[in-house]
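So the chains spell out like this:
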Amino acid sequence: MVPAWLWLLCVSVPQALPEAQPAELSVEIPENYGGNFPLYLTKLLLPREGAEGQIMLSGDSGKAAQGPFAMDPDSGFLLVTRALDREEQAEYQLQVTLETQDRRVLWGPQPVLVRVKDENDQASGHQAIATVEVSIIENTWVPLEPIHLAENLKVLYPHHIAQVHWSGDDVHYRLESQPLGPFDVDAEGNLYVTRELDTEAQAEYVLQVWAQNSRGEDYAAPLELHVLVMDENDNVPVCPPRGPAVSIPELSPPGTEVTRLSAEDADAPGSPNSHIVYQLLSPESEDEVEGRAFQVDPTSGSVTLGALPLQAGQNILLLVLAMDLAGAEGGFSSTCEVEVEVTDINDHAPEFTTSQIGPISLPEDVEPGTLVAMLTATDADLEPAFRLMDFAIEREDTEGTFDLDWEPDSGHVGLRLCKNLSYEAAPSHKVVVVVRSVAELVGPGPGPGATATVTVLVERVMPPPKLDQERYEASVPISAPAGSLLLTIQSSDPISRCLRFSLVNDSEGWLCIEKVSGEVHTAQSLQGAQPGDTYTVLVEAQDTDEPRLSTSAPLVIHFLKAPPAPALTPAPVPSRYLCTPRQDHGVIVSGPSKDSDLASGHGPYSFALGPNPTVQRDWRLQTLNGSHAYLTLALHWVEPREHIIPVVVSHNAQMWQLLVRVIVCRCNVEGQCMRKVGRMKGMPTKLSAVGILVGTLLAIGIFLILIFTHRTLSRKKDLDQPADSVPLKATV
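Cut-offs applied
Residues numbered from 1 in each chain as written. Predicted model: local features only at pLDDT ≥ 70, side-chain atom pairs only at ≥ 80, totals over all residues. Heavy atoms only, no water. Helix = DSSP H or I, 4+ residues; strand = E, 2+ residues; numbered from the N terminus. Pairing = 2+ DSSP bridges. Axes fitted to C-alpha atoms, helices over the stretch in contact; angles between N-to-C directions. UniProt positions renumbered as here; feature names shortened; annotations may be inferred. Patch = residues over 30% accessible without salt bridge, like charges linked within 9 Å, V, L, I, M, F, W, Y side chains within 5 Å. Areas by Shrake-Rupley, 256 points an atom, 1.4 Å probe, with all protein chains shown as cover. Salt bridge = Lys/Arg side-chain N within 4 Å of Asp/Glu carboxyl O. Buried < 20%, exposed > 50% of the residue type's maximum accessible area, 1.4 Å probe, protein only. Phe/Tyr/Trp six-rings, centres within 6.5 Å; stacked < 30°, edge-to-face > 60°. Lys NZ or Arg CZ within 6 Å of the ring centre and 35° of its normal. 1 Å grid on protein atoms, 1.4 Å probe; cavity = no way out; pocket = protein on both sides within 12 Å on 5 of 7 lines; lining within 4 Å. Points joined across faces, edges and corners; volume = space filled by probe spheres on them. Disulfide = S-S within 2.5 Å.

- The name recorded for the protein chain in an unreviewed UniProt entry is Cadherin 16, from Rhinopithecus roxellana.

## Observations concerning unusual backbone geometry
- With omega at 0 degrees, the peptide bond leading from Tyr-157 into Pro-158 counts as cis.
- By the secondary structure assignment, Pro-158 is in the loop between strand S8 (147-150) and strand S9 (159-163).
- Cis geometry marks the peptide bond from Gly-358 to Pro-359; its omega dihedral reads 10 degrees.
- Inspection of the secondary structure puts Pro-359 in strand S23 (residues 356-363).
- For Ala-326, which is not glycine, the phi torsion reads 55 degrees and is therefore positive.
- For Ala-326, the location among the structural elements is in the loop between strand S20 (315-323) and strand S21 (333-343).

## A few points about the sheet that holds strand S12 (residues 190-193)
- Taking strand neighbours across the sheet as the criterion, the three strands line up as S9-S12-S11 in an open arrangement whose pairing is antiparallel. Sheet topology places S9 and strand S11 (183-185) at the edges, where each strand pairs with a single neighbour. Pairs of neighbouring strands in the sheet enclose a mean axial angle of 30 degrees, with direction left out of account.

## Some details on the UniProt feature "transmembrane region" (unreviewed entry) in the protein chain
- Look at the UniProt record and you will see "transmembrane region" (unreviewed entry) annotated at residues 687-708.
- Along residues 687-708 one finds 100% helix and 0% strand; the C-alpha atoms at either end are 32 Å apart.

## Details of the sheet that holds strand S28 (residues 428-437)
- Within the open sheet, the four strands sit side by side as S23-S29-S28-S25. Their pairing is mixed. Bordering the open sheet on either side are S23 and strand S25 (389-396), each of which pairs with just one other strand. Taking the axes of each pair of neighbouring strands and ignoring which way they run, one obtains an average angle of 25 degrees across the sheet.
- Bridge count for S23 against strand S29 (residues 451-459) is six bridges, and the pairing is parallel. Bridging across to S29, Pro-363 finds its partner in Glu-459.

## A closer look at a nonpolar patch on the surface
- Together, Leu-693, Leu-697, Ile-700, Phe-703, Leu-704, Ile-707 and Phe-708 line one region of the surface with nonpolar side chains, adding up to about 720 Å² of accessible area.
- Along the chain, Ile-707 falls in helix H3 (residues 686-720).
- When its relative accessible area of 36% is taken as the criterion, Ile-707 is described as partly exposed.

## Some points on the pattern of salt bridges
- Applying the stated criterion across every chain yields a total of 12 salt bridges.
- Glu-217 is paired through a salt bridge with Arg-215; the nearest N and O atoms lie 3.3 Å apart.
- On the basis of relative accessible area, Glu-217 is assigned to the partly exposed category, the value being 41%.
- Close ionic contact of Arg-416 with Asp-405 constitutes a salt bridge, the shortest N to O distance being 3.6 Å. With Arg-416 in strand S27 (residues 412-417) and Asp-405 in strand S26 (residues 402-406), the pair connects residues that are 11 residues apart, well separated along the chain.

## Focus: the packing of aromatic side chains
- Going through the model one piece at a time under the given rule, you end up with nine aromatic pairs.
- When the ring of Phe-69 is compared with that of Tyr-92, the centres are 5.0 Å apart and the planes differ by 65 degrees; the resulting orientation is edge-to-face. Separated by 23 residues along the polypeptide, Phe-69 in strand S4 (residues 69-71) and Tyr-92 in strand S6 (residues 91-99) bring together distant segments of the chain. Grouping residues by exposure puts Phe-69 and Tyr-92 together as buried.
- Seen from the ring of Trp-210, Arg-174 lies directly overhead, with NZ or CZ sitting 4.0 Å from the centre.

## A closer look at empty space enclosed by the protein
- Enumeration according to the criterion identifies three cavities of 30 Å³ or more in this entry.
- The calculated volume of the largest cavity comes to roughly 50 Å³.
- As for the largest cavity, its lining consists of Leu-149, Ala-150, Leu-153, Tyr-157, His-159, Val-193, Arg-195, Glu-196 and Leu-197.

## Considerations on the state of the cysteines
- Using the criterion set out here, one finds two disulfides in the structure.
- The disulfide partner of Cys-579 is Cys-667, and the S-S distance across this bridge is 1.8 Å. Torsion about the S-S bond of the Cys-579 and Cys-667 cystine: about -90 degrees, corresponding to left-handed handedness. Highlighted residues: Cys-579 in strand S37 (residues 570-579) and Cys-667 in strand S43 (residues 654-667), separated in sequence by 88 residues.
- The class for Cys-579 is buried, based on a relative accessible area of 4%.

Here you go:
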């Protein structure tokens, strides 16, 4: 008798490990199974992209291709098409792969071992032969083993799942399902499922089948059949709804839990299909191990702080990926959102923008209440309550001289004078102002920037200097040479003080004043001045010790007609040498002359270049003292040749013209003048030297040609000689 039940035992379930061979799957089936075929043995976890490939089933020695096994491409079930005999073959070693048309393996190979369970259908031991006639009515009304059906099975419905049989005639079958399910039985006892099942809707059904006669009477107790719906990964993880922002104080230590995610999967609890893991997507990827601000535990979904500190005021949106199948390939995933707000704490001490102010000068007669300085402090905290500041004078040289004035919600504080200042009592003051936070400070205390030092210098009050006149006037001929003395500015102050004089508004540059003596001279010739015109400048006198104390007075210059110019007598000057391009040396011009007709006394002399525009452009004359002047080149380059420069010398009412002969030449690096020379007698010229060189090279070339010609003719002669005319070498 062949039992109508099937044992399916999955010994091992393959785990999806990257780059690893799938574990072997073991299935056991009784021999000589008498049920319906095909018989579904087990389902393989094929990848979702299986539709792109072809399922290939192979076995040892190629038996699988023509054997009793096959693969259902729609459901992924391994099935057997006929009964097996253990005595014929005890086990079958199969391999399942998913391949493309070009034989490229997409998945597998998955080894499957099918064992055939032995049944007592063979005689053993000693046998005796006897003839016995026995009439046996087979009892086929036996319980069925539980049936495992995959949910969402894509097959043609109604789909056969099992069969019951009552051994007798006039039998009808009735089926009931608890709970009510899509099952049916036909007149032959075949059990069918009529549509797809859903594990999430109902994971298990209990079917009861009665065998009845035509009058509806039961032949026996009903058979019970348990139908177990196997879970498929057909549900996407559902993230919790996004709630309000999670507040985290800044400077929270690493590891502080921000929130804990709990995504839900409607697949079977405890199965890989509902096993959810988590991965952080944003603001940084999990691949960046160092310097992360957040971390996510993949198993529990706990979001904690990383090593990267957060700044107050940040609003961060975390994106966390929730994946079923423990994150394996082929699973579903959803993105969960968590908003994090970093709250401020009072961890910044206020600091002044400037730690040193001044020195600030105040006259000793300044009124009390005067604002001396305005100090500004800032606080890096964001919370307004943490930015409230308190100011105080920590230290000052004279107590009570200064005070502070500020608004409670302002970072500006004013330092004001409270008492009269005295230069004799204290010529300077140092005031140290400190700022503190009103709220309690978290973390380190105030740093060096919490104090500011204000330096105040007290100025002695002194009257400004006085000049001997309120207005100065002087007359000068328009022909007056440079350096002519016009007048002397003097002080009338009873207090002995040192003054420094200067001229203001000298637009033409005609005048100059000695800084200490106050003597006013003509700085250059008065070109452009007309007789009868006036020229006004401002004379300013400044106290040397107290530069802020000064006074001024106008100086009016009246231009007079030039007296008749005496005849100029040229006086030659010996020649000198100057280098071009210009170098740092010149020619000294002397005023006095040994000729009594050219000089009537001793200096001071005034020197000026002649009126020739070219001379004034190319040369520069500078007065050294009352008797000498210094002549240099005004341009960087002057034509090398002998130049005659007219220099006008004046003394009292007399004027002379000196003709200074200067030879401008090119110079070597040592500053020595280089002059052109003629050809030396007895020395060859360039042309003769080139001729000699060419003649020598020509003679050498002719000699070499003769040598090569001779060697060529000799070699040709040797080649033309007959072979028999060459003497043989003697052999020893």
